[in-house]
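An overview of the molecular structure
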Amino acid sequence: MAEITGDQRVQEEVLEGLATAVNHRRWFVELALPYLGDNPIEIGSGLGDYAIEWAPFLQRFTATEADPDRLIALKERLSGDPNIEVRQMLLPTNEQGDYSAAVSYNVLEHIEDHVGALQSMRGLVRPGGAIVLIVPAFEFAMGPADIATGHVRRYTKKTMRAALEEAGLQVETLHYANALGLIGYYMATNVFRLMPKEGPMVKVYDTLVLPVTKAAERVVRPPFGQSVFAVARVPA
């Protein structure tokens, strides 16, 4: 049986804090856009920050959330955009769909049956459509913040590829992102035992360090990163 894990209060604090990292969010918005098609579904929309950024570029967008309280807040926030549908969804699910893509950022690591969740995303997307993911990288970085927010794992490119292929998906793109972010995250959460929420460190990193990291990684893919970015296709 699927369930929502982690401390919901801590998750809210982290989501609210990361919402202030505007440059970080826009970078990850840009990564997904080429793969979303005309009618994607987002799995685990949280506060709706990514949905708001993606929706203007799309004919139709479906935002989803598993947590009932967060779902209410999400519906209220996105109610002014007629092109966005908001609904509840908890993976794994047997539901079938015809979406152009399924995009899910920092959600898969919360789900024990992550292969089942990927198979569910496959069932929601039309043949040839994309599954677009960002997940946290490297088990050594697992710390108190991960546990408090309900993470059951972190990934490498190898383990991400294995899960996608086991789910019957065809890997198209797979790389690490935000190399300096991994170092900062590890120091903040494992050494200093801080939560990644709003504060001066987040603002300084997002304003000064992130733009340099983004520019460098456009030229050279790093051998490590805070996140794994993956795109896989539903077999035609």
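Read on for an overview of the structure. On a predicted model such as this, the values are computed, not experimentally measured, just so you know.

Points about the packing of helix α8 (residues 179–191) against helix α9 (residues 200–219)
At a minimum axis distance of 8 Å, the contact between α8 and α9 shows a crossing angle of 150°. As summarised for this structure, α8 and α9 are arranged roughly antiparallel, according to the angle between their axes. Along the contact surface, α8 presents Ala 179, Leu 180, Gly 181 and Ala 188, while α9 presents Met 201, Tyr 205, Val 209, Thr 213 and Glu 217. Per-class residue counts for the contact of α8 with α9 are 6 nonpolar, 2 polar and 1 charged.

Notes on unusual backbone geometry
Geometrically, the link from Leu 91 to Pro 92 is a cis peptide bond, its omega value of 0° lying close to zero. Inspection of the secondary structure puts Pro 92 in the loop between β3 (84–88) and β4 (99–105). Of note in this structure, Asn 106 is not a glycine but carries a positive phi near 55°. With respect to the secondary-structure elements, Asn 106 resides in the loop between β4 and α5 (114–124). Look at Phe 138: it is not a glycine, yet its phi comes out positive at around 75°. For Phe 138, the location among the structural elements is in the loop between β5 (125–136) and α6 (144–148). A residue is classified by how much of its surface remains accessible, and Phe 138, at 16% relative accessible area, is buried.

Structural notes on the environment of Gly 129
By the secondary structure assignment, Gly 129 is in strand β5. The contacts of Gly 129, once residues within four sequence positions are left out, are Ser 100, Ala 232, Arg 233 and Val 234.

Thoughts on the nonpolar core
Counting residues in hydrophobic clusters, the biggest one holds 34 residues, and the most contacted among them are Leu 108, Leu 118, Met 121, Leu 133 and Met 160. Here this core takes 5 residues from α5, the largest share from any one element. When sequence neighbours within four positions are dropped, the list of residues in contact with Leu 118 reads Leu 108, Leu 133, Met 160, Ala 163, Leu 164, Ala 167 and Leu 169. Grouped together as the second largest cluster of nonpolar side chains are 29 residues, Phe 28, Tyr 35, Leu 36 and Val 103 included.

A closer look at the pairing of strand β7 (residues 227–233)
Counting buried positions over the 7 residues of β7 gives 6, a clear majority of the element. Bridge count for β5 against β7 is 7 bridges, and the pairing is antiparallel. Bridging from a neighbouring strand, Leu 133 pairs with Ala 230 of β7. In the sheet, strand β6 (residues 170–177) pairs with β7 via 7 bridges, with the strands oriented antiparallel. Counted as the bridge partner of His 175 is Phe 229 from β7.

Notes on the side chain of Arg 153
You can see Arg 153 is positioned in the loop between α6 and α7 (157–166). No salt bridge forms around the buried Arg 153; measuring N to O, its nearest opposite-charge neighbour Glu 112 is 4.4 Å away. Reaching out from Arg 153, the side chain makes a polar contact with the side chain of Tyr 155 at a distance of 3.4 Å. Not counting the four nearest positions on each side in its chain, Arg 153 is found in contact with Leu 108, Glu 109, Ile 111, Glu 112, His 114, Pro 136, Glu 139 and Met 142.

Quick notes on the rules
One numbering rule holds for all chains: residues counted from 1, following each sequence as written. Residues qualify for local features only when their pLDDT is at least 70, as the model is predicted, and side-chain atom pairs are given and counted only at 80 or more; totals for whole chains, interfaces and linings, by contrast, use all residues. Side-chain descriptors were evaluated using all non-hydrogen atoms of the structure, hydrogens and water having been removed beforehand. Axis geometry follows a simple rule: fit a line to the C-alpha atoms, using only the stretch in contact for helices, then measure angles between N-to-C directions, giving values from 0 to 180 degrees. Under the DSSP-based scheme used, a helix requires at least four consecutive residues in state H or I and a strand at least two consecutive residues in state E, with every element numbered from the N terminus. Any angle that is under 35 degrees is reported as roughly parallel, and any over 145 degrees as roughly antiparallel; angles of 65 to 115 degrees are reported as roughly perpendicular and all others as oblique. Residues are treated as being in contact if the distance between any of their heavy atoms lies within 4.5 Å. Polar here means any residue outside two lists: the nonpolar Ala, Val, Leu, Ile, Met, Phe, Trp, Tyr, Cys and Pro, and the charged Asp, Glu, Lys and Arg; Gly therefore counts as polar. Relative accessible area decides the class of each residue, using a 1.4 Å probe on protein chains only: under 20% of the type maximum gives buried, over 50% gives exposed, and in between gives partly exposed. We define the nonpolar core as a collection of buried residues of types Ala, Val, Leu, Ile, Met, Phe, Trp, Tyr and Cys that are connected through side-chain atoms lying within 4.5 Å of one another. Criterion used throughout: strands pair if DSSP finds at least two bridges between them. When charges are tallied, Lys and Arg are placed among the positive residues and Asp and Glu among the negative ones, while His and the ends of the chain are skipped. The salt bridge criterion pairs a side-chain nitrogen of Lys or Arg with a carboxyl oxygen of Asp or Glu, the two atoms within 4 Å. We call two N or O atoms a polar contact when they sit within 3.5 Å, provided that within protein one can donate a hydrogen and the other can accept it, with sequence-adjacent residues counted only if both atoms are side-chain atoms.

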